[in-house]
Amino acid sequence: MSGPEPNTAVLAELRTLRERVPQLTGSLVASTDGLLIAHDLPAHIEPTGMAALTAAHLSLSHRLSVTAHGGGFQEVVVDSAEGHVVIYAAGWTASLTVLAGPGVNVGRLHLESRPAARTIAAQLSAITNSNRTDQMTDTK
């Protein structure tokens, strides 16, 4: 992965998620504008391209949700013959994408991934708030 090192707490959360969900094959966290934050993906998947695809799908899903129900996006599940891709909102500025094999227990996947998305949202918010505080201190 090129660019800045991923937040270690976010990466640890991704690795813990993989350990907790049988048949989870990978995960990533991306900003809503498609920038890669952290990933735990298999080698055959290019992480920055996957982050961009996730952001595009997230944007469309959010628009569909708002148009149909007037509410915000929470998650979307893509099922295929070879497995599942699930995108969870991780706060307002990021998403958690998980990849799982076709035999995954989808209920268990949701049970583990939803709290992970909330934890990641809190971690990213804490980093953002810390950076703002640092910037305010530097300008004084």
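Residues numbered from 1 in each chain as written. Predicted model: local features only at pLDDT ≥ 70, side-chain atom pairs only at ≥ 80, totals over all residues. Heavy atoms only, no water.

(A) Here's a closer look at the side chain of Thr97. Structurally, the position occupied by Thr97 is in strand β5 (residues 94–100). A distance of 3.2 Å separates the side chain of Thr97 from the side chain of Thr54, its partner in a polar contact. When residues no more than four places from it in sequence are discounted, the contact partners of Thr97 are Gly26, Ser27, Leu28, Met50, Thr54, Val85, Val86 and Ile87. (Helix = DSSP H or I, 4+ residues; strand = E, 2+ residues; numbered from the N terminus. Polar contact = N/O pair within 3.5 Å; in protein donor to acceptor, adjacent residues only side chain to side chain. Contact = heavy atoms within 4.5 Å.)

(B) How the structure looks around the pairing of β5. The element β5 is largely enclosed, with a buried count of seven among its seven residues. Neither face of β5 is exposed, since Ala94, Leu96, Val98 and Ala100 on one face and Ser95, Thr97 and Leu99 on the opposite face are all buried. In this sheet, β5 lies alongside strand β1 (residues 24–31) in antiparallel orientation, the contact comprising seven bridges. Counterpart to Leu24 in the pairing with β5 is Ala100. Bridging between strand β4 (residues 83–89) and β5 involves six bridges; their strand directions are antiparallel. Within β5, the position partnered with Val85 by the bridge is Leu99. The hairpin formed by β4 and β5 contains four residues between the paired strands, and Gly91 there has a positive phi angle of roughly 80 degrees. (Buried < 20%, exposed > 50% of the residue type's maximum accessible area, 1.4 Å probe, protein only. Pairing = 2+ DSSP bridges.)

(C) Region of the structure containing the side chain of Ser113. Topologically, Ser113 is positioned in helix α3 (residues 106–139). In contact with Ser113, not counting residues within four places along its chain, are Leu17, Tyr88, Leu96 and Val98.

(D) Quick peek at the pattern of salt bridges. On inspection of all chains with the given rule, the structure shows four salt bridges. With its nearest N and O atoms 2.9 Å apart, the salt bridge here joins Arg18 to Asp40. Taken together, the residues Arg18 in helix α1 (residues 8–20) and Asp40 in strand β2 (residues 36–40) connect sequence positions 22 residues apart. Overall, Arg18 belongs to the partly exposed group, its relative accessible area being 31%. Between Arg20 and Glu112 there is a salt bridge, with the nearest N and O atoms lying 2.6 Å from each other. With a gap of 92 residues between them, Arg20 in helix α1 and Glu112 in helix α3 connect regions that are remote in the sequence. Relative accessible area serves as the criterion here: at 12%, Glu112 is assigned to the buried category. Connected through salt bridges with shared partners, the residues Arg20, Arg108 and Glu112 form a single ionic network. (Salt bridge = Lys/Arg side-chain N within 4 Å of Asp/Glu carboxyl O.)

(E) Examining α1 more closely. With 13 residues, α1 should cover 18 Å at 1.5 Å per step; its first-to-last C-alpha distance of 18 Å lies within 8% of that length. Within α1, burial applies to Val10, Leu11, Leu14 and Leu17. In a view along the axis of α1, the buried residues occupy a sector of 120 degrees, so they form one face of it. α1 presents Thr8 and Glu19 as exposed residues on the side facing more than 90 degrees away from its buried surface. Capping the start of α1 is the job of one residue whose side-chain oxygen sits 2.9 Å from the backbone nitrogen of Ala9: Asn7. (Expected span 1.5 Å × (residues − 1). Arc of directions from axis to C-beta.)

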